[in-house]
Amino acid sequence: MTQHSSTTEQRPYHHGDLHSAIVGAALAVLSESQNTEFSLRELARRAGVSHNAPYKHFADKRELLAAVSAVGFELLAKQMTDATKDLDSPHERLAAIARAYVCGGVNNPALYRLMFGGYLTGQDDGRPPIERTAAEDMKALLVEAISNGALGRPIPNTTENTREIDGAILTFWSQMHGLTLLLVDRLVGPSEKMAELTESLLQGMLDGLANCIPAIPAGVWVGPPLAK
């Protein structure tokens, strides 16, 4: 009897863009299952390639998840950009950024926790470079809005103002991150009210920042840290 080699694991690799295919499969599984307990073999099956194919691009699962997290930051940045593209007011742009941020986390909690949780933090406290680059691109949207006057006055994006801008971003991020997790964990609700909740918290935060922007201490970073 002739044996048929029809399983995914037995098929040779003939995929046009393996890297994107595996990352796309991981994003799909993460969205469906809402956890990271999947194997590279499962992703290979989903992508329709041999079970060894993912190792052509990823040394291990952590490296793959770093790429997934980076795509998560890219997607979130795109959502923020799309939400602000027709807005001229810096305040309105920051409000739209806040809503997009919270909505992104609530709609895909597992991806959000991967991006902003400690799973990818190494023993040296650093995050993967591919993730950091994507996160910095997203942070730039906040810097732009704050620099252009979202807090009531322009704050030029100069070296002299770095600590002040980072202080404003940390305040913004703390508020939005906290709200996102409270909504995800159903400690605040309902989720249908998240746009109104976001706007309310943001306005309170802006009122406070209009009076005082906390300048963070020297040596403090805001965003994924570099490896030591």
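Rules used throughout
Residues numbered from 1 in each chain as written. Predicted model: local features only at pLDDT ≥ 70, side-chain atom pairs only at ≥ 80, totals over all residues. Heavy atoms only, no water. Helix = DSSP H or I, 4+ residues; strand = E, 2+ residues; numbered from the N terminus. Buried < 20%, exposed > 50% of the residue type's maximum accessible area, 1.4 Å probe, protein only. Contact = heavy atoms within 4.5 Å. Areas by Shrake-Rupley, 256 points an atom, 1.4 Å probe, with all protein chains shown as cover. Phe/Tyr/Trp six-rings, centres within 6.5 Å; stacked < 30°, edge-to-face > 60°. Lys NZ or Arg CZ within 6 Å of the ring centre and 35° of its normal. 1 Å grid on protein atoms, 1.4 Å probe; cavity = no way out; pocket = protein on both sides within 12 Å on 5 of 7 lines; lining within 4 Å. Points joined across faces, edges and corners; volume = space filled by probe spheres on them. Nonpolar A, V, L, I, M, F, W, Y, C, P; charged D, E, K, R; others polar. UniProt positions renumbered as here; feature names shortened; annotations may be inferred. Axes fitted to C-alpha atoms, helices over the stretch in contact; angles between N-to-C directions. Parallel < 35°, antiparallel > 145°, perpendicular 65-115°, else oblique. Expected span 1.5 Å × (residues − 1). Core = buried A, V, L, I, M, F, W, Y, C linked by side-chain atoms within 4.5 Å. Domains from an automatic or database assignment.

### Observations concerning the overall build of the chain
Okay, so step 1: Summing up its helical and strand segments, the chain has eight helices and zero strands in all.
Okay, so step 2: Going from N to C terminus, the chain has its helices and strands arranged as α-α-α-α-α-α-α-α.
Okay, so step 3: The buried share of the chain, taken over its 228 residues, is 42%.
Okay, so step 4: The long-range fraction of contacts in the chain, counting pairs at least 24 apart against all pairs at least 6 apart in sequence, stands at 71%.
Okay, so step 5: Surface exposure of the chain reaches about 12100 Å², of which carbon and sulfur atoms provide 53%.

### Let's talk about the packing of aromatic side chains
Okay, so step 1: The tally for this structure, following the rule as stated, stands at five aromatic pairs.
Okay, so step 2: Note on Y101 and Y112: the rings are 5.7 Å apart at their centroids and 90° apart in plane angle, and the pair reads as edge-to-face. Linking Y101 in helix α4 (residues 90-107) with Y112 in helix α5 (residues 109-116), this pair joins segments that are 11 residues apart in sequence.
Okay, so step 3: Clustering of aromatic rings is evident, with ring pairs tying together F73, Y101, Y112, F116 and W173.
Okay, so step 4: Positioned above the aromatic ring of F38 is the side chain of K61, whose terminal nitrogen or guanidinium carbon lies 4.8 Å from the ring centre.

### Regarding the layout of surface pockets
Remark: the empty space left among the atoms is shown by a probe the size of a water molecule rolled over them.
Okay, so step 1: Approximately 150 Å³ is the volume found for the second largest pocket.
Okay, so step 2: Mapped onto the lining of the second largest pocket, the elements with two or more residues apiece are α3 (61-84), α4 and α5.
Okay, so step 3: For the lining of the second largest pocket, the class distribution of residues is six nonpolar, six polar and no charged.

### Comments concerning the UniProt feature "DNA-binding region" (unreviewed entry) in the chain
Okay, so step 1: Mapped onto this structure's residue numbering, the UniProt feature "DNA-binding region" (unreviewed entry) falls at residues 39-58.
Okay, so step 2: Structurally, residues 39-58 comprises 40% helix and 0% strand, and the distance from its first C-alpha atom to its last is 12 Å.

### Notes on the side chain of D166
Okay, so step 1: Structurally, the position occupied by D166 is in helix α7 (residues 162-184).
Okay, so step 2: If we skip the residues at most four places from it in the chain, D166 touches K139, I216 and V222.

### Description of unusual backbone geometry
Okay, so step 1: At the junction of G189 and P190, the peptide bond is cis and its omega measures out at 0° in the coordinates.
Okay, so step 2: For P190, the location among the structural elements is in the loop between α7 and α8 (194-211).
Okay, so step 3: We note that Q34 has phi near 60°; this positive angle belongs to a residue other than glycine.
Okay, so step 4: Inspection of the secondary structure assignment puts Q34 in the loop between α1 (18-33) and α2 (40-47).

### Some remarks on the packing of α1 against α2
Okay, so step 1: Closest axis-to-axis distance for the α1/α2 pair is 9 Å, and the angle between their directions is 105°. One finds that α1 runs roughly perpendicular with respect to α2. Contacts between α1 and α2 involve A21, I22, A25, A26, A28, V29 and E32 on the former and, on the latter, E42, L43, A44, R46 and A47.
Okay, so step 2: Looking at the contact of α1 with α2 residue by residue, the class counts come to nine nonpolar, no polar and three charged.

### Looking at α1
Okay, so step 1: Relative to the 22 Å expected for 16 residues at 1.5 Å per residue, α1 spans 22 Å between its end C-alpha atoms, a close match to the ideal helical length.
Okay, so step 2: Among the residues making up α1, those that are buried are L18, A21, I22, V23, A25, A26, L27, V29 and L30.
Okay, so step 3: Lining the buried residues of α1 we find α2, α3 and α5.
Okay, so step 4: Phi turns positive, to about 60°, at Q34, one or two residues after α1.

### Focus on the nonpolar core
Okay, so step 1: L64, V68, L94, L151, F172 and L202 are the most contacted members of the largest nonpolar core, which has 68 residues in total.
Okay, so step 2: At the level of secondary structure, the elements contributing two or more residues to this core comprise α1, α2, α3, α4, α5, α6 (129-147), α7 and α8.
Okay, so step 3: Ranked by residue count, the leading element in this core is α3, at 10 residues.
Okay, so step 4: Taken domain by domain, this core gets at least three of its residues from each of domain 1 (10-58) and domain 2 (70-211).

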